[in-house]
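In case you want the letters, here they are:
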Amino acid sequence: MNRAGLIGFAILSIFFLMAVAPWIFAPYDPYIRFTPYAEPGTDHILGTNDMGHDILSELIYSARASLFVGFVAAILATLLGVIIGIIAGYYRGWIEDLLMGVTDIFLMIPKIPMIIIIAAFLGSGIWVLILVFGAFSWTAIARIARSKVLQIRESGFVLSARCLGFSNRFIMAREIAPNLTHIVFPKFMLLAASAMITEASISFIGLGDPSMKSWGVMLSFAFTKGGLLNGMWWWYIPPGIAISVCVMAIALIGYSREKGADIGVRG
Amino acid sequence: MSRLLDIKNLSVSFVSGEETVRAVTDVSFDLCEDEVLTLVGETGCGKSIIAHAISGLLPPEALVSGEIRYKEKDLQSIPEEERVLLRGCEIGIVLQNPSRALNPLYTIGHQIRETILRHTEKSKEESNRMVAGALRRMGFSDPGIEMKRYPFESSGGMNQRFVIASSTILSPDLLIADEPTTGLDRSRIQDVITEFERIMEEEEMAIILITHDLAVARRLADRIGIMYAGEVVEMGDANRIFEEPYHPYTKGLFGSLPENGCVPIPGVSPPMSRIVSGCRFHPRCGKRTAVCERDHPQLGMIDDRYVRCHLCHSQ
Amino acid sequence: MPLAVENIEKSYLRGHFRKVPFDVLKGVSLEIQEGETVGLMGDSGSGKSTLARILAGLDRPTSGRILYEGSDIHRMKRSEFRSYRRSVQMVFQDPASALNPMKTISRSLEDVARLAGVGSDGIEEAIREMLAVGGLDPEVLRRYPDQISGGQIQRIALARVLFHRPSYLILDEPTSALDVSVQAQILQLLRTIQKETGMGCLFISHDEAVVRFISDRVVRLADGEISSDEPPGI
């Protein structure tokens, strides 16, 4: 990993620590009520919001939901994409035509409007967001996985595994899949970043889960409860920065791996 | 014949992490105008590194010591611009794998012409005539058709001939060919050999040919250098060496050819990061003595050639 | 029992925009006896690798039959075909991709042993056996394929394949990417193994001298047809 990747990794580790054990960092429980609309001061470094919650504590506790949505949705999308890509590339023939046809259809569906519609019908909730994001984001991964599998399936070790009599499932799971990590991992990281931004956007327009604390929800309240109008920058800027820095860290890790993958295995 | 190239004590090493890979150690040879020198050896013996060092194509992290003098100029100390000018103009380079050397998006004619346009003041028409002439000399009766072809429309051997044509169209004084026949079928190798033979006959050009293919070396070389583990172990007149090799490695190499009974040399080539003390070949040599394990032999003259072996010198 | 192909034809659709059928094999018949090494020569594009893949059951011919123990392999029951798969093994050309780059050598060998039904307590013994067959140092076990030489990879590939005790072995240019001295080692190893096991071999190469050295019979393939079939001569 290069320096950019290491910086990204360091930043992301801090966010992960916040998500796992927010009480280490946060000065208060984010649900304790203090005087609302307090300006930044010695008691509350970033002031308090309309409910009187300490904004810094809220910010730190929000990392959990944001990261959870980002990574779980990305894992779901990646799993779906890799499985579909491998099956299509390995079996070829009509299976490939069918699966890639479905991929093309899914690729055309605009993701965020779809999530808005489904959230409006099913009600908002973290799992709706994750499932819908996962169900509509696997296409890019399926495509790159398939094209790599088309190449791998003709290489000596796969042909030889077929000759030796390994089952198709073994070959797909144990011979082919590990060789996709180089190309899938960067995409996975970018998907995680994208899912976090989507969560923030959806929450911001008010379709998120208002009982949950996430950066998007914070932004949404800062906006609707007058934080922006009254120039309370300590309310709306920190969650924005948190999202940006976290997404940047994830993207840095992703890009650094992508560069490594270009160089490939020593030959 | 005057001396075109003079290499003295050339060593190239690469440092990666804690390991130092000594790819080439203390190689010296000279090359006359109109001479074909072939460097032969197995994977990792450093032969391609020498070609790259002369052409100035080594990666920046390579540590080079020694002298490479081309027409009395030290190639290491001249500025990069002058080097670029030399390459293609006075020094032609042919690399392995023609499909990578040719751009699939341009026609053969275009790519050969580009060399002329880049290095000379000649007009497009004039260069086209030169390309046509070169192709005609290669034996194409209608060069117009060949010039309009794309690389994927010809076989690998044909493409390699086009690469050779484009590297030699400006009649360089020195041609460096790094494994020009590797990866080609036998009959395609024949095409490439034919091309080299034509150049040797018609042009005044010194050639350094790097190959692991002994049959190709035997067909083309005036002088041959056998390399093992980054060193030249035997160098001299090609016919003489093929008739009667002196160095145990050369003997072993020839003996492992299928037509000579496929007698393998025991063991494997040592990694270049851990240099064996004494003679570098001694762990695999059937005739080694205590001296071989202790002292590193020098390249010395025996009869008509240079040999790096204690045993040959003591006889 | 000989392994035979009868009147094999294979055509592909070729081209990016207009698909044009292209005949790779135009009616090839060939028989390999047990214990015999047949050398198959031909330029690239002559169809020799396609024939090898069809023999190994990796590709289906467009028409024609592959006969093993008298029955057509593509009409066999699943279990019979599985046993055919084991009896006819193949070694590939490119050492750089012959082994899974993500697995250690030890893992690659272990997978084969497990596939053959060796239990956890027999694995170590099985791996030791494979190393002995390939003439390999146990030191290679913990390495990954890109950390060892091409010759070692081909030895491992050979050892893996031989663990199934095949009756026939198809070798698709197994030494073309190797140095001559390493090629000599592999060819000698192959000869010894073949003498010990009495396998039938189909050895594909474009190198005249190699084929002459290893084969009892040399078959030449040109443009998808057999152009000659004769003893190797001098």
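Residues numbered from 1 in each chain as written. Chains lettered and ligands numbered in written order. Predicted model: local features only at pLDDT ≥ 70, side-chain atom pairs only at ≥ 80, totals over all residues. Heavy atoms only, no water.

### A word on the overall build of chain B
Secondary structure summary: chain B contains 13 helices and 12 strands in total. The C-alpha radius of gyration of chain B comes to 20 Å, within 12% of the 20 Å expected for a compact globule of 315 residues. C-alpha atoms of chain B, sized along the principal axes, occupy 70 × 45 × 40 Å. Counting every position in chain B, which comprises 315 residues, the buried fraction comes to 53%. (Helix = DSSP H or I, 4+ residues; strand = E, 2+ residues; numbered from the N terminus. Rg over C-alpha atoms; globule rule 2.2 N^0.38 Å. Buried < 20%, exposed > 50% of the residue type's maximum accessible area, 1.4 Å probe, protein only.)

### What about the UniProt feature "transmembrane region" (unreviewed entry) in chain A?
Residues and elements named next belong to chain A. Mapped onto the present numbering, the UniProt feature "transmembrane region" (unreviewed entry) falls on residues 6-26, 67-92, 112-138, 188-208 and 233-255. Along residues 6-26, the helical share is 90% and the strand share 0%, with 25 Å between the first and last C-alpha atoms. Across residues 112-138, the secondary structure splits into 85% helix and 0% strand, with the terminal C-alpha atoms separated by 14 Å. (UniProt positions renumbered as here; feature names shortened; annotations may be inferred.)

### Considering the interface of chain C and chain A
Between chain C and chain A, the contact holds 23 residues from the first and 20 residues from the second. Here chain C meets chain A over a buried area of about 2,000 Å², counting both sides, of which 55% is carbon and sulfur. At the boundary of chain C with chain A, the tally comes to 2 salt bridges. Salt-bridge contacts for R53 of chain C lead to E154 of chain A; the nearest nitrogen and oxygen are separated by 2.8 Å. In this assembly, chain C and chain A are joined by 10 residue pairs in polar contact (both at pLDDT 80 or more). Going through the elements one at a time, β6 (88-91), α3 (105-115) and α5 (150-162) of chain C are the ones with two or more residues in the side of chain C that touches chain A. Among the elements that take part in the side of chain C that touches chain A, α3 of chain C stands out by supplying 4 residues, more than any other. Of the residues contributing to the side of chain C that touches chain A, the split by class is 11 nonpolar, 5 polar and 7 charged. (Contact = heavy atoms within 4.5 Å. Buried area = accessible area lost by both parts, 1.4 Å probe. Salt bridge = Lys/Arg side-chain N within 4 Å of Asp/Glu carboxyl O. Polar contact = N/O pair within 3.5 Å; in protein donor to acceptor, adjacent residues only side chain to side chain. Nonpolar A, V, L, I, M, F, W, Y, C, P; charged D, E, K, R; others polar.)

### Points about a nonpolar patch on the surface
Residue and element names in this part refer to chain A. On the surface, I14, L17, W23, I24 and F25 cluster together into a nonpolar patch covering about 540 Å² of accessible area. Among the secondary structure elements, those contributing two or more residues to the nonpolar patch are α1 (3-20) and α2 (22-25). Looking at the nonpolar patch, the element that brings in the most residues is α2, giving 3 residues. Accessibility expressed as a relative area gives 33% for F25, which makes it partly exposed. (Patch = residues over 30% accessible without salt bridge, like charges linked within 9 Å, V, L, I, M, F, W, Y side chains within 5 Å. Areas by Shrake-Rupley, 256 points an atom, 1.4 Å probe, with all protein chains shown as cover.)

### Some thoughts on the interface of chain C and chain B
At the interface, 16 residues of chain C touch 21 residues of chain B. In total, chain C and chain B occlude about 1,500 Å² of area from one another, counting both sides; carbon and sulfur atoms represent 50% of this. If you sort the residues of chain C by the area they bury against chain B, D179, V180 and S181 of chain C come out on top, with a joint share of 33%. Applying the counting rule to chain C against chain B returns 6 residue pairs in polar contact (both at pLDDT 80 or more). Of all elements in the fold, only α6 (180-197) and α7 (208-214) of chain C reach the threshold of two or more residues within the side of chain C that touches chain B. Per-element tally for the side of chain C that touches chain B: the top contributor is α6 of chain C, with 8 residues.

### Regarding the sheet that holds strand β11 (residues 300-302) of chain B
Residue and element names in this part refer to chain B. Within the open sheet, the 8 strands sit side by side as β6-β7-β8-β3-β9-β10-β12-β11. Their pairing is mixed. Each edge of the open sheet carries a strand with a single partner, namely β6 (91-94) and β11. Across the sheet, the mean angle from the axis of one strand to that of its neighbour is 20 degrees, orientation sign disregarded. Relative to strand β12 (residues 305-307), strand β10 (residues 231-237) is paired through 2 bridges, and the arrangement is antiparallel. Bridging across to β12, E234 finds its partner in V307. Lying on the sheet, helix α1 (residues 47-55) is in contact with β3 (36-40), β6, β7 (174-178), β8 (206-211) and β9 (223-228); it crosses β7 at an angle near 145 degrees. Set on the sheet, helix α8 (residues 186-202) makes contact with β3, β7 and β8; between it and β8 the angle comes to about 160 degrees. (Pairing = 2+ DSSP bridges. Axes fitted to C-alpha atoms, helices over the stretch in contact; angles between N-to-C directions.)

### Overview of the arrangement of the chains
By contact count, the leading pair among the 2 pairs of chains in contact is chains A and C. One finds no contact between chain A and chain B; the C-alpha atoms of the two approach each other to within 13 Å at their closest.

### Here we look at α6 of chain C
Residue and element names in this part refer to chain C. For α6, with 18 residues, the first-to-last C-alpha span of 25 Å sits near the 26 Å given by 1.5 Å per residue. Those residues of α6 not exposed but buried are V180, S181, Q183, A184, Q185, I186, L187, L189, L190, I193 and Q194. Directly after α6, the chain includes G198, whose backbone phi takes a positive value near 70 degrees. (Expected span 1.5 Å × (residues − 1).)

### A few points about the packing of helix α6 (residues 126-137) of chain A against helix α10 (residues 181-204) of chain A
Residues and elements named next belong to chain A. Taken N-terminus to C-terminus, the directions of α6 and α10 make an angle of 135 degrees; their axes are 11 Å apart at the nearest point. It follows that α6 is oblique to α10 by the angle criterion. As α6 runs across α10, the sense of the crossing is right-handed. Residues L129, F133 and S137 of α6 form the contact with α10, whose participating residues are L191, S194, A195, T198, E199 and I202. (Parallel < 35°, antiparallel > 145°, perpendicular 65-115°, else oblique. Left-handed = near helix turned anticlockwise from the far one by under 90°.)

### Some remarks on the packing of aromatic side chains
The geometry of an aromatic ring pair is captured by two quantities: the separation of the ring centres and the angle between the planes. Here the structure, examined in full by the defined rule, presents 22 aromatic pairs over all chains. Pairing Y228 of chain B with Y249 of chain B gives two aromatic rings, centres 4.6 Å apart and planes at 45 degrees, and the pair type is tilted. Pair noted here: Y228 of chain B is in strand β9 and Y249 of chain B is in helix α11 (residues 248-255), with a separation of 21 residues, a long-range link. We classify Y249 of chain B as buried; its relative accessible area is 0%. Ring geometry for Y249 of chain B and F281 of chain B: centres 5.4 Å apart, planes at 70 degrees, overall edge-to-face. Placement of the pair is Y249 of chain B in helix α11 and F281 of chain B in the loop between α11 and α12 (290-294), with a sequence separation of 32 residues. A relative accessible area of 4% means that F281 of chain B is categorised as buried. Ring pairs connect the aromatic residues F16, F71, F185 and F188 of chain A, which therefore count as one cluster. Between the NZ or CZ atom of K213 of chain A and the centre of the ring of Y31 of chain A, over which it lies, the distance is 4.9 Å. (Phe/Tyr/Trp six-rings, centres within 6.5 Å; stacked < 30°, edge-to-face > 60°. Lys NZ or Arg CZ within 6 Å of the ring centre and 35° of its normal.)

### So, the packing of helix α4 (residues 93-108) of chain A against helix α7 (residues 139-152) of chain A
Residue and element names in this part refer to chain A. Orientation of α4 relative to α7, taken along the N-to-C sense of each, is 150 degrees, at an axis distance of 9 Å. If you check the angle between α4 and α7, you find them roughly antiparallel. The two elements α4 and α7 cross, and the hand of that crossing is left-handed. Residues E96, M100, T103, D104, F106 and L107 of α4 pack against T139, A142, R143, R146 and L150 of α7. The residue makeup of the contact of α4 with α7, split by class, is 5 nonpolar, 2 polar and 4 charged.

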